[in-house]
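# Chain and residue survey
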Amino acid sequence: MKILVTVKRVPDTAAEKRLDPADKTLDRESVETIMNPVDEYAVEEALRLKEAAGGEVIVLCMGPASALPTIRKALSMGPDSAVHVHDDALHGSDVLGTAKVLAAAIRKVEPDLVVSGSESTDARTSLVASAVAEYLGWPGLIGAKQLEVDGGTVRIHRETETGYDVLEATGPAVVSVVKGINEPRYPSFKGIMAAKSRPVTDYGLADLEIDPGQAGAAGATCEVVDFTPRPPRQAGQVVKDSGDGAAALELAEFLASNKFI
Amino acid sequence: MASILVLVEHDQGNLRKVTAQMLTKARQLGEPVAVFVGDGLDSATEALGRYGAKTVYSATGEGWTNQLTLPVVDALEAAADRAEPAAVLVAATPGGKDAGVRLAARKGWGVLADVVDLDDNLVATQNVFGGATIVHSRVTAGTPVLTIKPNAFPVEESPAQPEVVDLGLTRQAGPADVRMTEHVVEERGGRPDVAEAEIVVSGGRGLQDPANFALVEALADALGAAVGASRAAVDAGWYPHQHQVGQTGKTVSPQLYVAVGISGAIQHRAGMQTSKTIVAVNKDGEAPIFSISDFGVVGDLFKVIPRLTEEVVKRKG
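Residues numbered from 1 in each chain as written. Chains lettered and ligands numbered in written order. Predicted model: local features only at pLDDT ≥ 70, side-chain atom pairs only at ≥ 80, totals over all residues.

A separate point is the nonpolar core. In terms of nonpolar packing, the biggest core is built from 134 residues, with V132 and V175 of chain A together with V6, V35, L76 and L89 of chain B touching the most fellow members. At 9 residues, helix α3 (residues 95-109) of chain A tops the list of elements feeding residues into this core. Other than its neighbours up to four places away in sequence, L76 of chain B contacts L7, V35, V88, A99 and L103 of chain B. L251 of chain A together with V279, A287 and I292 of chain B belong to the second largest nonpolar core, which has 52 residues in total. (Core = buried A, V, L, I, M, F, W, Y, C linked by C-beta atoms within 7 Å. Buried ≥ 20, exposed ≤ 12 C-beta atoms within 10 Å, placed from the backbone. Helix = DSSP H or I, 4+ residues; strand = E, 2+ residues; numbered from the N terminus. Contact = placed C-beta atoms within 7 Å.)

All names here are of chain A. With an omega dihedral of 0°, the bond running from G171 to P172 counts as a cis peptide bond. Topologically, P172 is positioned in the loop between β9 (163-170) and β10 (173-177). In the Ramachandran plot, E110 falls in the positive-phi region, its phi being about 55° despite a non-glycine side chain. The topology assignment puts E110 in the loop between α3 and β6 (113-117). A positive phi angle is found at S126, which is not glycine, with a value near 50°. Structurally, the position occupied by S126 is in the loop between β6 and α4 (128-136).

This paragraph deals with the interface of chain A and chain B. The interface of chain A with chain B comprises 68 residues on the first partner and 72 residues on the second. At the level of secondary structure, the elements contributing two or more residues to the side of chain A that touches chain B comprise α3, α4, β7 (140-150), β9, β12 (222-229), β13 (237-240) and α6 (247-257) of chain A. Taken together, the residues of the side of chain A that touches chain B break down into 36 nonpolar, 18 polar and 14 charged. The pairing of β12 of chain A with strand β9 (residues 133-139) of chain B spans 7 bridges and is antiparallel. Paired with C222 of chain A across the bridge in β9 of chain B is V139 of chain B. (Nonpolar A, V, L, I, M, F, W, Y, C, P; charged D, E, K, R; others polar. Pairing = 2+ DSSP bridges.)

Once that is clear, we can look at the sheet that holds β13 of chain A. With parallel pairing, 6 strands are arranged side by side in an open sheet as β13(A)-β17(B)-β16(B)-β15(B)-β13(B)-β14(B). Two strands close off the open sheet at either side, each with one partner strand: β13 of chain A together with β14 (226-229) of chain B. On average, each strand axis in the sheet is tilted by 15° relative to the strand beside it, whichever way the strands run. One ladder, built from 5 bridges, connects strand β15 (residues 256-260) of chain B with strand β16 (residues 277-282) of chain B; its direction is parallel. If you follow L256 of chain B over to β16 of chain B, its bridge partner there is T277 of chain B. Seen against the sheet, α6 of chain A touches β13 of chain A together with β16 and β17 (295-298) of chain B and runs at an angle of roughly 170° to β17 of chain B. (Axes fitted to C-alpha atoms, helices over the stretch in contact; angles between N-to-C directions.)

Looking now at the pairing of strand β1 (residues 3-7) of chain B. Residues and elements named next belong to chain B. Buried residues dominate β1, accounting for 5 of its 5 residues. The alternating pattern of β1 places S3, L5 and L7 and I4 and V6 on opposite faces, both of which are buried. With 5 bridges connecting them, β1 and strand β4 (residues 31-37) associate as parallel partners. In the strand pairing of β4, S3 is matched with E31. Pairing of β1 with strand β6 (residues 87-91), which is carried by 3 bridges, proceeds in the parallel orientation. Following the sheet pairing, V6 is matched in β6 by L89.

Turning our attention to the sheet that holds strand β1 (residues 2-7) of chain A. On the basis of which strands lie adjacent, the open sheet formed by 10 strands has the order β11(A)-β5(A)-β4(A)-β1(A)-β6(A)-β10(A)-β7(A)-β8(A)-β9(A)-β12(B) and mixed pairing. Since the sheet does not close on itself, it has two edges, and those belong to β11 (200-203) of chain A together with β12 (179-185) of chain B, each with one partner. On average, adjacent strands in this sheet sit at an angle of 30° to one another, irrespective of strand direction. Relative to strand β5 (residues 81-85) of chain A, strand β4 (residues 56-62) of chain A runs parallel, the two being bridged by 5 bridges. Note that in β5 of chain A the partner of I58 of chain A across the bridge is S81 of chain A.

See the structure below:
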């Protein structure tokens, strides 16, 4: 089975993220970056499927040349190879632009299954996997907390408000996985060394036969009008409990005066 | 007046709150038109009328029951083709987003995630980077598909008699269809979902032991709240992942957020700092959570929380 797993380079979880006033896109250069945390679960899930059924795992990353360390990080967990889509014209891509490019790259790789993380920690839209599925004309199994492949059938458990649903589709399919679906492995030293020599194929927009005018900021279907930092919250009243928990009564009074009880 | 299409989120015809919230907003922007997919059309129609829906486009019966993605997208598309709306509103829930973005991709229409406000020109407000930045944005291609964050808009009734229009769609199974083979209901204590609850009580490392989440749950039940958890508590295996609030968990914006034994690291604040009111109980008076709290108690949560729960129960009578 040929499994493609998407990864994204994002600002470190603890970093203060900001928009660049010049073009209103995320400033990715002035912050520490990491592989998007939930993508580690996606890579792990892809590796487990390969280990169970054989085949290969291919990493797909769309991002500037500086995203290469993210690709190496993913490869250090064990995938066989990677595809890196980068092109200056991709800067400023929105949800649909990103999905269109990923779908074009996926068509070239022709996998049996695409595994994605449920969202990235930067834009946090949780929209891209569904849009990729639509462009490919494939089923999208979104939000898997369990994944199994049984012949041509792809089956997931998806959390609901009251329990979970078992959903299945006929592959090829796009699956997005949630944090906690597995316990991602730590890259071994051997894995880190091996990752350096795993092949990474570079694609630009021309390779994907996408017109630069249809990609990036030029092809965007939405725009940021303006943005402002949120005014800082004012710290309110803080009371110190005397040790017997009696401050709870003051807190209850606060809740009651604000009509919460 | 241009219509505003609203995808109905419901459970067997029982509207979810976000549907009424979207209809209330839709009335300010144009003529609200609902799209209903699934079972329970009659009871849903009555409720949709209460919030001012002028038309209800329906796809119901065989093949439409489970509201799985593609049937919903097909129905939305058919309704949009008829109504030619100025905008399509879907809930920013997993199902709403999945269907909404597929409609957007199919039509080449722009889509915006997690909208918390809309002006008359359909310029949307979004809280990004965990609420640290407020963005105004708009769709520049096609009909805007706007995914609306639950609890972003208040609900007001405005009774109307909706005209029910069967979209007359027949559906044949296609290769991209998803099938539901099981719908499993688990005992969850009947608490609301953390992402949509009006009150969230969250526990963190200060609880010291997974068994102590019982204190958080008891307070949550007294308040009618959902239970959340910090990343530290979830990563330690004390509470399930789907309850995690923060940068790598859920972003919540309830009326009231109660942080119990949570220090308030930046990645946690990114998931809750847009809450209307924040209260915190923590033994460390220097904890950053107090700098964003409207009311804080520096004290031993094992003393404070049980007394608070008792007092809430007493006052609620």
